[in-house]
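# Commentary on secondary and tertiary structure
As a plain string of letters, each chain reads:
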Amino acid sequence: MNIDETRARLDDALSTLAEAFQGMTAHPDESQCDCHWGSAEELALLKTANVELEADLLNRTWQATDWRDRAALLRRILPQFTRALVSGCIDLTSPLGHPGAVLAAGEWRQWPARQSRAVWEFLHAWWAHTLNNAHPAVPADEVLAVCTEAAGTLTPWLSVWEQQSHPTATEHLAESLDGWEYDLLMDVLPWRTDRDEEDAEETRVELTTWTIGHAPARLRAQHAPEHLLHAVRLLGLTGPDRWYDPHWPVPAPPGPPQNDT
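Think of each chain on its own: its residues are numbered from 1, step by step along the sequence as written. Local features are withheld for residues below a pLDDT of 70 in this predicted model, meaning they are given only at 70 or higher, and side-chain atom pairs are given and counted only at 80 or more; totals for whole chains, interfaces and linings count all residues. Hydrogens and waters are ignored; side-chain quantities use all the structure's heavy atoms.

### Considering the pattern of salt bridges
Salt bridges are defined as contacts in which a side-chain nitrogen from Lys or Arg sits within 4 Å of a carboxyl oxygen from Asp or Glu. Under the definition given, this model contains ten salt bridges. With a closest N to O distance of 2.9 Å, R60 and D56 form a salt bridge. Of this pair, R60 and D56 both sit in helix α3 (residues 55-63), four residues apart, which is roughly one turn of the helix. Buried means the residue's accessible area, taken with a 1.4 Å probe over protein chains only, is under 20% of the maximum for its type, while exposed means over 50%, and partly exposed covers the values in between. Judged by relative accessible area, which is 47%, D56 ranks as partly exposed. For E201, the salt bridge is made with R204, and the minimal N-O distance between the two is 2.4 Å. Put simply, DSSP H or I for four residues or longer makes a helix, DSSP E for two residues or longer makes a strand, and each gets a number counted from the N terminus.

### Things to note about the state of the cysteines
By definition, a disulfide links two cysteine residues through a covalent bond between their sulfur atoms. Criterion for a disulfide: a pair of cysteine sulfur atoms at a distance within 2.5 Å. The full count for this structure, using the stated rule, is zero disulfides. C147 provides the cysteine sulfur closest to C89, a residue in no disulfide bond, and the two sulfurs are 17 Å apart. Judged by its relative accessible area of 0%, C147 falls in the buried class.

### Focus on the packing of aromatic side chains
Only Phe, Tyr and Trp rings are paired, with Trp represented by its six-membered ring, and only when their centres lie within 6.5 Å; those with planes under 30 degrees apart are stacked, over 60 edge-to-face, the remainder tilted. Under the criterion given, the structure shown has ten aromatic pairs. Three or more aromatic residues joined by ring pairs form one cluster here, namely W127, W161, W180, W191 and W210.

### So, the side chain of T208
Locating T208 in the fold gives a position in helix α10 (residues 197-221). Contacts: residue pairs with any heavy atoms within 4.5 Å of one another. For T208, the residues in contact, after removing those within four places along its chain, are L184 and L235.

### Regarding the side chain of E181
With respect to the element layout, E181 can be found in helix α9 (residues 167-185). Residues scored as charged are limited to Lys and Arg (positive) and Asp and Glu (negative), so that His and the chain ends carry no count. For the buried E181, no salt bridge exists, and the shortest N-O distance to an oppositely charged side chain is 9.9 Å, to R233. Residues in contact with E181, not counting those within four places in the same chain, are H227, L228, A231 and P249.

### Some details on α3
The periodicity of an α-helix, 3.6 residues per turn, causes residues three or four places apart in sequence to face the same way. Every buried residue belonging to α3 is among L57, L58, T61, W62 and Q63, and all of these are buried. Against α2 (40-46), α4 (70-87) and α5 (99-105) lie the buried residues of α3.

### Comments concerning the packing of α9 against helix α11 (residues 226-235)
Between the N-to-C directions of two axes lies an angle of 0 to 180 degrees, each axis being a line fitted to C-alpha atoms and, for a helix, fitted only over the stretch in contact. It is the contact of α9 with α11, at a shortest axis distance of 10 Å, that shows an interaxial angle of 45 degrees. Taken together, the axis directions place α9 and α11 in an arrangement best described as oblique. Pair α9 / α11 crosses with left-handed handedness. For the pair α9 and α11, contact is made by A174, L177, D178, E181, L184 and L185 and by H227, L228, A231, V232, L234 and L235, respectively. Within the contact of α9 with α11, the residues separate by chemical class into nine nonpolar, one polar and two charged. For classification purposes, angles smaller than 35 degrees are called roughly parallel, those larger than 145 roughly antiparallel, those between 65 and 115 roughly perpendicular, and all remaining angles oblique. We call a crossing left-handed when the near helix sits turned anticlockwise from the far one by less than a right angle, and right-handed when that turn is clockwise. Each residue gets one of three labels, nonpolar for Ala, Val, Leu, Ile, Met, Phe, Trp, Tyr, Cys and Pro, charged for Asp, Glu, Lys and Arg, and polar for the others, Gly among them.

### Details of a negative patch on the surface
Patch membership requires over 30% relative accessible area and the absence of a salt bridge. Like charges are linked within 9 Å, and nonpolar side chains (Val, Leu, Ile, Met, Phe, Trp, Tyr) within 5 Å. Method for areas: the Shrake-Rupley scheme with a 1.4 Å probe, in which residue coverage is limited to the protein chains shown. A charge is said to be at NZ when it belongs to Lys, at CZ for Arg, at CG for Asp and at CD for Glu. Residues D196, E197, E198, D199 and E202 make up a contiguous surface patch of negative charge. Within the secondary structure layout, E202 lies in helix α10. The exposure class assigned to E202 is partly exposed, which follows from its relative accessible area of 48%.

### Examining helix α8 (residues 155-163)
Considered for burial, the residues of α8 that qualify are P156, W157, L158, V160 and W161. Where α8 is buried, its residues touch α6 (113-132), α7 (140-151), α9 and α10.

Don't take any of this as a statement about function, it's just geometry.
See the structure below:
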């Protein structure tokens, strides 16, 4: 699919999602602290269907974690929230929450089939369009993090990236690795997650393994900087072999390299 086709797919996904969640409202008994969250009038808007929220109210709403019925609240704001995500109007680095974790907390995969299909298609359409767009509103690594955290799995998004071998998708890979390099070499997942430590580690290992297997040839074809090629090579090493390699980008652990002889 080219960029026009993926844009059309994304527009269709947003329209389908808006139709699937038309008329949704927050729980009638939902409450919030008017000292810290907002006014009673703003809360009333969440209990009113099909009313656009101001950007500040939308942000305070999705970032709050103490809703009585988070699923109902998310269904209320989802059409506007997803449009804001695509346009880059949502702060993905906010310390108050990660959009992917918010989607996961709403347990959208347990919603009625029409609604869950709409969310799933939106995530896939957004990811496909991002990989085909040379200048997306949201960088590919951040979109990947949202999709992974929302779906609770990295596998389908990496599969699409693997299939999208054109230069634009490869450039996104190089840019992402440039941001991930330090975290991956320190064996840390390069984005925030609310999942448990075991799940996060499995995701980190999957991303590292995929990178080792699929990135080198694509980076070379794209004439990527040498430091990225060395970073991927170092990911295939462990312990002292990695730390004391001449291309290790951070100070090695104290003490000399270990010698088994």
